[in-house]
Amino acid sequence: MGKVIGPGSLIADITGFAPHLPIGGETVKGSAIRFGPGGKGSNQMTAAHRAGSDARIIGCRGDDVLGQILKKHYETEGMSEEYVTVLPDGETGGAFIEVDETDAQNRIIVVFGANEQVTRESVLAAEKDFADCDAVLTQLETTVEAVMATKELAQKYNKPFILNPAPYDNVPREIFQGIDFVTPNETEAEGFTGIKVDTIEDCREAAKVFFSMGVKNVVITLGVRGVFFMNEKEELFVPALKVKAIETTGAGDAFNGGFATAIADGLPVETALKFATCTAAISVTRLGSSPSMPYRHEILALMEQEFGITL
Ligand code: RIB
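Right, let's walk through the structure included here. Because the structure is predicted, anything quoted here is derived from the model rather than measured.

Given two aromatic rings, their pairing is described by the distance between the two centres and the angle made by the two planes. Within the structure shown, the criterion is met by 5 aromatic pairs. Taken together, a centroid distance of 5.3 Å and an interplanar angle of 85° make the contact between F181 and F259 edge-to-face. Here F181 is found in strand β10 (residues 181-182), whereas its partner F259 is found in helix α8 (residues 251-264), with 78 residues between them in sequence. For the residue pair F181 and F259, the accessibility class agrees, reading buried in each case.

So, on to the side chain of T150. Checked against the element boundaries, T150 lands in helix α5 (residues 144-156). Judged by its relative accessible area of 0%, T150 falls in the buried class. At 2.6 Å, the side chain of T150 and the backbone oxygen of A146 are in polar contact. If near-sequence neighbours (up to four positions away) are discounted, T150 is found in contact with P7, V123, F130, V136, T138 and F161.

This part covers the site of the ligand. Lining the immediate environment of the ligand, one finds I11, D13, G38, G39, K40, N43, A95, V110, E141, G250, D253 and S289. At 2.9 Å, a side-chain N or O of K40 approaches an oxygen atom of the ligand. Within the side chain of D253, an N or O atom sits 2.7 Å from an oxygen atom of the ligand. Compared with its free state, where it exposes 280 Å², the ligand has 96% of that area covered by protein. For the ligand, the cavity whose grid points lie within 2 Å of the majority of its atoms is the largest pocket. Those elements that provide at least two residues to the shell around the ligand are β2 (11-18) and α1 (40-50). Counted by class, the shell around the ligand contains 3 nonpolar, 5 polar and 4 charged residues.

Parameters and conventions
- Residues numbered from 1 in each chain as written.
- Predicted model: local features only at pLDDT ≥ 70, side-chain atom pairs only at ≥ 80, totals over all residues.
- Heavy atoms only, no water.
- Phe/Tyr/Trp six-rings, centres within 6.5 Å; stacked < 30°, edge-to-face > 60°.
- Helix = DSSP H or I, 4+ residues; strand = E, 2+ residues; numbered from the N terminus.
- Buried < 20%, exposed > 50% of the residue type's maximum accessible area, 1.4 Å probe, protein only.
- Polar contact = N/O pair within 3.5 Å; in protein donor to acceptor, adjacent residues only side chain to side chain.
- Contact = heavy atoms within 4.5 Å.
- Near = heavy atom within 4 Å.
- Areas by Shrake-Rupley, 256 points an atom, 1.4 Å probe, with all protein chains shown as cover.
- 1 Å grid on protein atoms, 1.4 Å probe; cavity = no way out; pocket = protein on both sides within 12 Å on 5 of 7 lines; lining within 4 Å.
- Sits in = over half its atoms within 2 Å of the grid points.
- Nonpolar A, V, L, I, M, F, W, Y, C, P; charged D, E, K, R; others polar.

Now the structure itself:
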């Protein structure tokens, strides 16, 4: 079992389902409202945990009603909360998610709350686990200083560092210098590179901009189309699997958690992309973000069925 560590967001998701999403001023009668554990960081670490990693999140939440949703999730999953700081007066991050039942697509408003209290010191306090980890994973739902400290430790101990630059934010571009893997979706790739990403040629051009910022390997997720990979030596494309999606919230997180697990296990990049593709494909067939993450045996079965790969 590989160890994956990094700072990440702990957020409670409040999700409403409706036949269509409302326009400004409109009220739409929905079919269900659900509360559940979310946050890109926590979703990704849950995906890594269920995919077979010893996943350790460095995070921050409040001791409030939303915080209890996360607390219960970590207890039920048996995931480490060693590096989760609980602020007695802090507000746990929250997300309002609207899901369109006709196409499973969503819209999200996220409030970071206590996630903005994850500091450089919070990351440095976990140094011993960076020293013996197998992969480092983070996103942009905590703080820039936490991401920079994470990169520092990943480089100090020579560990593969995966940065999922989500959600897009106008962060200093030096954040990308020396990153092993960057994993934007089309929107994030466009935000950081200025290139509208639609075709494979666009992906190549966006990847080159990331290279110029110091990234070594670029992975651009293209939703239902698949995933594009490029480094200085090779280019790959793995098509998405055809599944009946009911909720896509957290699909990118499933991909990143699965990818980090496969990299931590020392798998070649192409196999890691396929492992991540299977993880994401199963997640969209289930409700919720963290709760939708698949277990290792399910991912392995799909790897064999779709790609003929036995792990
Ligand atoms: O990527 C999906 C996640 O983004 C949701 O769980 C929500 O919490 C937001 O952070």
